[in-house]
Amino acid sequence: MHHLSPEMKSCIDECLRCYSVCLSTAMGHCLELGGQHTEKQHFTLMMACAEICRTSAHFMLIGSEPPQAYLRRMRGDLQRMRG
């Protein structure tokens with residue numbers, strides 16, 4: 001496993017905390033309240049927030065390139081494959 005600096009570890013911890021808060025809020029608070037809290041736009045935003053935080057932590061934990069660079073590289077690969 002690669003070495004994680006204290007700053008990187010702190011960032012990972014914050015991303016995982018954000019993931020937990022967004023997911024538990026969506027699945028608990030939003031579903032319990034219903035109404036506007038379960039409308040597609042609001043609920044999708046809560047779930048997207050959880051996922052982007054989880055994914056960011058995952059990228060840092062595995063030592064991958066930043067998600068933006070990864071997505072740019074994938075877009076280039078897809079364009080080359082399409083011809």
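Model, not experiment: these values are computed from the prediction.

Caption draft 1: Region of the structure containing a nonpolar patch on the surface. On the surface, a cluster of nonpolar side chains totalling about 250 Å² of accessible area is made up of Leu16, Leu61 and Ile62. On the secondary structure map, Leu61 appears in helix 2 (residues 40-62).

Caption draft 2: Highlighting helix 2. The terminal C-alpha atoms of helix 2 lie 32 Å apart, and with 23 residues this matches the ideal 33 Å at 1.5 Å per residue to within 8%. All of the buried residues in helix 2 are Phe43, Met46, Ala50, Cys53, Thr55, Ala57, Phe59 and Met60. One or two residues past the end of helix 2 sits Gly63, with phi positive at roughly 75°.

Caption draft 3: Spotlight on the pattern of salt bridges. In the structure shown here, the tally under the stated rule is three salt bridges. The partner of Asp13 in a salt bridge is Lys9, and the shortest N-O contact between them spans 2.9 Å. Here Lys9 and Asp13 lie together in helix 1 (residues 6-33), a separation of four residues that amounts to about one turn. Since its relative accessible area comes to 36%, Asp13 is described here as partly exposed.

Caption draft 4: Geometry of the nonpolar core. Leu4, Ile12, Cys15, Ala57 and Met60 together form the largest nonpolar core, which totals five residues. Taken together, the elements giving at least two residues each to this core come down to helix 1 and helix 2. The residues contacting Ile12, other than those within four sequence positions of it, are Leu4, Ala57, Met60 and Leu61.

Rules behind the numbers
- Residues numbered from 1 in each chain as written.
- Predicted model: local features only at pLDDT ≥ 70, side-chain atom pairs only at ≥ 80, totals over all residues.
- Heavy atoms only, no water.
- Patch = residues over 30% accessible without salt bridge, like charges linked within 9 Å, V, L, I, M, F, W, Y side chains within 5 Å.
- Areas by Shrake-Rupley, 256 points an atom, 1.4 Å probe, with all protein chains shown as cover.
- Salt bridge = Lys/Arg side-chain N within 4 Å of Asp/Glu carboxyl O.
- Helix = DSSP H or I, 4+ residues; strand = E, 2+ residues; numbered from the N terminus.
- Expected span 1.5 Å × (residues − 1).
- Buried < 20%, exposed > 50% of the residue type's maximum accessible area, 1.4 Å probe, protein only.
- Core = buried A, V, L, I, M, F, W, Y, C linked by side-chain atoms within 4.5 Å.
- Contact = heavy atoms within 4.5 Å.

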